[in-house]
Amino acid sequence: MFKRREFLKAAGAGLMLTVLPNLSWALAPAGYKRLLVLVELKGGNDGLNTVVPYGSADYYRLRPGIAVAREQVLRINGDIGLHPSLAPLMPLWQDKQLALLQGVGYPDPNLSHFRSIEIWDTASASQQYLSEGWLTRLFHEQPTPKNFAADGVVLSSQVLGPLDGGARAVVLSNPQDFARQAKLVADQPPGHAGSALEHILKVEGDIRQAAASLAPLPRTAPSEAPTAGPKPKGGFGVAVRTLTDTLARGVDIAVARITLTGFDTHGNQQPTQGRLLAELADGLAQLRSEMTRLGRWDDTLALTYAEFGRRPRENGNRGTDHGTANVHFALGGRVNGGLYGQTPQLAGVSEGNLPHAIDFRQVYATAIDGWWGKDSRNVLGGRFATLPLLRT
Amino acid sequence: MIKRILLASALLGLPLCSLAGIGADGARHLLTRTGFGANPAQIEGLAPLSREAAVDKILAGARTQAATPPPGWANEPFERPGQPGLTEEQKKALQQERNQHVVELRSWWLAEMRDTPSPLTEKMTLFWHNHFVSALDKVRSPQMMYQQNLLLRHYALGDFGQLLHAVARDPAMMRYLDTANNRKDQPNENFAREVMELFTLGEGHYSEQDIREAARAFTGWGLDRDDQFIVRPRLRDAGEKVIFGQRGDFNGDDVIDLLLQQPSTAVFVTNKLWRNFVSPTPDAATVNKLAADFRRSHYQLKPLMRALLLTPQFWRSQGQLVKSPVELTIGTLVTFDLNPPDWRVIAGLNRQLGQDVFAPPNVKGWPGGEAWINSSTLLTRKQFLDRIARDAAPARDAYAQADGSLNEMAGREARIRRFVGNRLNSMKLQPDEWAAVYGVRTAADAARLLLAVPPANPLPPNASGAKAIAQLLLDPAYQVE
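Note that the structure is a prediction, hence the values are computed from the model and not measured.

Just checking my understanding: could you explain the overall build of chain B for this structure?
Within chain B one finds 24 helices and four strands. In terms of its C-alpha atoms, chain B occupies a principal-axis envelope of roughly 85 × 60 × 40 Å. The buried share among the 481 residues of chain B stands at 58%. Taking the intrachain contacts of chain B between residues at least 6 apart in sequence as the baseline, contacts between residues at least 24 apart amount to 72%. Per element, the accessible surface of chain B, about 19,000 Å² overall, is 52% carbon and sulfur. On chain B, the mean spot of the 56 positive side-chain charges and the mean spot of the 52 negative ones are 2 Å from each other.

Structure (structure tokens):
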């Protein structure tokens, strides 16, 4: 069998392109063949201690108890640097495959965990209530190909988030178990009225379709065993591994969402956040190496998000209370690394919150229009300017 | 237990659906909604009653204490998570002991849900656990969670205002929402925010300013060295606060009284009870009327629940709720008189299904409804039910006669012998015995006893009640109530 890498070499040399039109998959994939990985930082990660404005005296004034010490910051320029736990992301930064989106938010922010994540998941305006996730709306309007195992998979969470409200979504813990258990779903359940039962019948349908694709494949060679590489640390790494193992089977999905929980740090924030950021950075670096091994890193765009950021000023318990604009990461083989948005302006801040520089719907528009080449206007309820963070 | 069986046997001659009263369908509906599952004997007990009489009977039996004895450590002083000067080995031993206590705590509550003479009390306690959420990962003390569980049960059908005041001073809650660390000059807003958003008013009925001022009012509240509630006047902000437009040097209790004065509190709680006990789509006009009465009664929960359970909408709502994991697992045990040999199995299963008691995912609790069912949890549910049904296969047809009917007398005698011999401590379903004792002769009988709505997959023609059970357990309709 023709190895993908060899084929790419051949294609690069200008051979065979006209002879083998059916092998268009080997060209740069477009549309939903490109993978979007959403990483949810649940609880509202504190952005100021993630991308640290260490050059600002105001930062140290506002955070006498929990600021990251100047000498520990992994410097990016004279003003900002990364939290020391994010060291595994530095190679990505140096390779210009990591973009830092500073000041991501939206007008009239809501500081409730639950309402705010609903806004992020549905891409609604602050005062608008939508029942479907933004990806669900996209896939309803511009569907994924029928042969896709599912629109998306959800890992490390039972909540579907942006895939809520009717997308073909599968919660994935372990592909082998999934395929085995799926036999318990009856073959042809008849249609049925009543919404609770209808929902259950719909999930049974999703399971049947996904199971057909996720069924264990015979391994052709040991080198193609999906679980090569060291055992990942922590739940986030395991979820990344589950995802890449699934993709290694040749399963088609458009999106994966992985949740990393525990960022609701009202008290004694430092050790908790340090541990979580390390887990995040290790997992993202692992995503890069495994997707590179699968030859799909150039077709992968990973974006982090959270319901909100934290307030610039620390509270009395060495923690932070709910705030607004936050920093987020975009990474992938085609990402134009660098800084986007605006570094937090802390001068004069006492109790207040930070204004946003990037609307979160611009990030979604970038994924829909720029990454997948679909149209985001109806999905996002208007035209949002994309960010120049993708290379073509 | 024996008495229940014999009583049911005595009633065998009666048709399942009697002419007067709520009938078997109504009884099954009322029992599953106010408790966990519905045993045919329980159904027989309520079927002849009117709606009022049946609801009153359930409310009259409501208890305020658990019947299951708690684990031995439960009433010892609170464990201290961070004692200084411990060696690594001592810390490890302490952690192991605490983990063991967590296991015993879960097992105790699940056993109480299975065995209680007052299922509504446990259903309400679970409801309040999911309303006034605290979770072990942050509270860290099983004793504190146990004490909170007693508190929630004590007020489960009592006075909501008293419950709210008690919860605000509850050590587990104070630790979970950081009230224990709230002092003048540097207020922590966590409790102030959640008490408004999730416990009383609901979103849109307060401002960020109200939260900041309420946080100031809760300053000075804390826990003493024994983790008991204490007010520390020197840490208290004694300045004037403005909350909901009212001015004063309010303290924490004043804030709670202000919250109880807001009309949206009664509406918010009533809506949530509706979604939990009736359907996902509360009827606004009915809810507003119930909430107004609730507020006028100074937040008495028993009359509110009585009125809610007597709405016509309640009696039309079969199949509109998705069974929660606890309703599915405990309900199945109750329905078939099963007892797990080890409650840890059921606790682990509930965790996999997304409802680990004493560990809700966050302060908003389990979202519930359709969110209980996704590809992963649905498969795990079916696996559990499949195992029970498969275990049952050898016991099925044990009392089948040549013409396909059941030797009911033999099946009944066998079941009673097993009860007397106290060998029913297993998760093995005995369909023939169960069907014989409860007079479940046809597949249609079984479907009416086990499902809130007709099965999604057609029943095999002429199947006996015992034979239909395995298929009915795996039918999608078994997932709703």
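Having seen it, we continue.
Whenever I open this one, the interface of chain B and chain A confuses me. Can you help?
One frequently used descriptor of interface size is the decrease in accessible area upon assembly of the parts. Listed as interface residues are 44 residues of chain B and, on the opposing side, 39 residues of chain A. Carbon and sulfur atoms supply 56% of the area that chain B and chain A bury against each other, a total of about 3,400 Å² over both sides. Of all residues in chain B, Glu203, Ser375 and Leu379 of chain B give up the largest surface area on contact with chain A, accounting jointly for 17% of the area buried on that side. Here chain B and chain A share two salt bridges between them. Between glutamate 204 of chain A and lysine 382 of chain B there is a salt bridge, with the nearest N and O atoms lying 2.4 Å from each other. Inspection of the region where chain B meets chain A yields twelve residue pairs in polar contact (both at pLDDT 80 or more). When residues of the side of chain B that touches chain A are assigned to their parent elements, the largest contribution, nine residues, is made by helix 20 (residues 375-392) of chain B.

For this particular structure, what's the right way to read the packing of aromatic side chains?
Taken as a whole, this structure holds 27 aromatic pairs over all chains when the rule is applied. Ring centres of tyrosine 32 of chain A and tryptophan 372 of chain A lie 5.2 Å apart, and the angle between their planes is 65°; on these two criteria the pair is classed as edge-to-face. With tyrosine 32 of chain A in the loop between helix 1 (4-12) and strand 1 (35-42) and tryptophan 372 of chain A in the loop between helix 10 (360-371) and helix 11 (377-380), this residue pair connects regions lying 340 residues apart in the sequence. Residue class for tyrosine 32 of chain A comes out buried when judged on its relative accessible area of 4%. We classify tryptophan 372 of chain A as buried; its relative accessible area is 2%. Aromatic pair tryptophan 109 of chain B and phenylalanine 358 of chain B: ring centres 5.3 Å apart, planes at 50°, arrangement tilted. With tryptophan 109 of chain B in helix 5 (residues 88-115) and phenylalanine 358 of chain B in the loop between helix 19 (343-352) and helix 20, this residue pair connects regions lying 249 residues apart in the sequence.

It is not clear to me how the nonpolar core should be interpreted in this structure. Could you clarify?
Here is a general trend for soluble globular proteins: nonpolar side chains tend to be buried in one another's company. Residue and element names in this part refer to chain B. Counting 139 residues, the largest nonpolar core has Trp128, Phe132 and Phe160 as its most contacted members. For this core, the element with the most residues is helix 5, which contributes seven residues. Leave out the neighbours within four places in its chain, and phenylalanine 132 touches Gln148, Leu152, Phe160, Leu163, Leu164, Val167, Met173 and Phe199.

Mind showing me how you'd approach empty space enclosed by the protein here?
Picture a little ball the size of a water molecule; that probe, rolled over the atoms, points out where space is still empty. Following the criterion strictly, the structure yields three cavities of 30 Å³ or more and no others. Each pocket or cavity is described by its volume, and for the largest cavity that value is around 130 Å³. For the largest cavity, the lining is made up of 17 residues, of which Thr32, Gly37, Lys323, Thr335 and Leu450 of chain B are closest to its centre. Among the elements of the structure, helix 2 (23-34), helix 18 (325-335) and helix 23 (443-450) of chain B are those that each provide at least two residues to the lining of the largest cavity. When grouped by side-chain class, the residues that make up the lining of the largest cavity number eight nonpolar, five polar and four charged. Counted as a void, the second largest cavity has a volume near 70 Å³. Taken together, Leu38, Leu101, Val104, Trp120, Leu303, Thr304, Tyr305, His328, Phe360, Val363 and Tyr364 of chain A make up the lining of the second largest cavity. At the level of elements, strand 5 (98-105), strand 9 (300-305) and helix 10 of chain A are the ones that each hand at least two residues to the lining of the second largest cavity. Each residue belonging to the lining of the second largest cavity can be placed in one class, and the counts come to nine nonpolar, two polar and no charged.

Honestly, the sheet that holds strand 2 (residues 51-52) of chain A in this entry has me stumped. Any pointers?
Paired through backbone hydrogen bonds, the strands of a sheet run either parallel or antiparallel to each other. Residues and elements named next belong to chain A. If you walk across this open sheet you meet the three strands as 2-4-3, and the pairing is antiparallel. Taken across any chain shown, the strands that pair with only one partner, and hence form the sheet edges, are strand 2 and strand 3 (74-75). Taken together, the two bridges between strand 3 and strand 4 (residues 81-82) define a ladder with antiparallel strand orientation. The residue bridging leucine 74 from the neighbouring strand is leucine 82, located in strand 4.

Hey, could you run me through the packing of helix 4 (residues 51-60) of chain B against helix 16 (residues 301-309) of chain B in this one?
The packing of two helices is summarised by the inter-axis angle and the distance between the axes. Residue and element names in this part refer to chain B. Taken N-terminus to C-terminus, the directions of helix 4 and helix 16 make an angle of 150°; their axes are 10 Å apart at the nearest point. By the angle class used here, helix 4 and helix 16 are roughly antiparallel. Note that helix 4 runs across helix 16; the crossing there is right-handed. Across the interface between the two elements, Glu52, Val55, Asp56 and Leu59 of helix 4 pack against Lys302, Arg306 and Leu309 of helix 16. Among the residues making up the contact of helix 4 with helix 16, the classes are represented as three nonpolar, no polar and four charged.

Reading the values: rules and limits
Residues numbered from 1 in each chain as written. Chains lettered and ligands numbered in written order. Predicted model: local features only at pLDDT ≥ 70, side-chain atom pairs only at ≥ 80, totals over all residues. Heavy atoms only, no water. Helix = DSSP H or I, 4+ residues; strand = E, 2+ residues; numbered from the N terminus. Buried < 20%, exposed > 50% of the residue type's maximum accessible area, 1.4 Å probe, protein only. Contact = heavy atoms within 4.5 Å. Areas by Shrake-Rupley, 256 points an atom, 1.4 Å probe, with all protein chains shown as cover. Lys, Arg positive; Asp, Glu negative; His and termini not counted. Charge placed at Lys NZ, Arg CZ, Asp CG, Glu CD. Buried area = accessible area lost by both parts, 1.4 Å probe. Salt bridge = Lys/Arg side-chain N within 4 Å of Asp/Glu carboxyl O. Polar contact = N/O pair within 3.5 Å; in protein donor to acceptor, adjacent residues only side chain to side chain. Phe/Tyr/Trp six-rings, centres within 6.5 Å; stacked < 30°, edge-to-face > 60°. Core = buried A, V, L, I, M, F, W, Y, C linked by side-chain atoms within 4.5 Å. 1 Å grid on protein atoms, 1.4 Å probe; cavity = no way out; pocket = protein on both sides within 12 Å on 5 of 7 lines; lining within 4 Å. Points joined across faces, edges and corners; volume = space filled by probe spheres on them. Nonpolar A, V, L, I, M, F, W, Y, C, P; charged D, E, K, R; others polar. Pairing = 2+ DSSP bridges. Axes fitted to C-alpha atoms, helices over the stretch in contact; angles between N-to-C directions. Parallel < 35°, antiparallel > 145°, perpendicular 65-115°, else oblique. Left-handed = near helix turned anticlockwise from the far one by under 90°.

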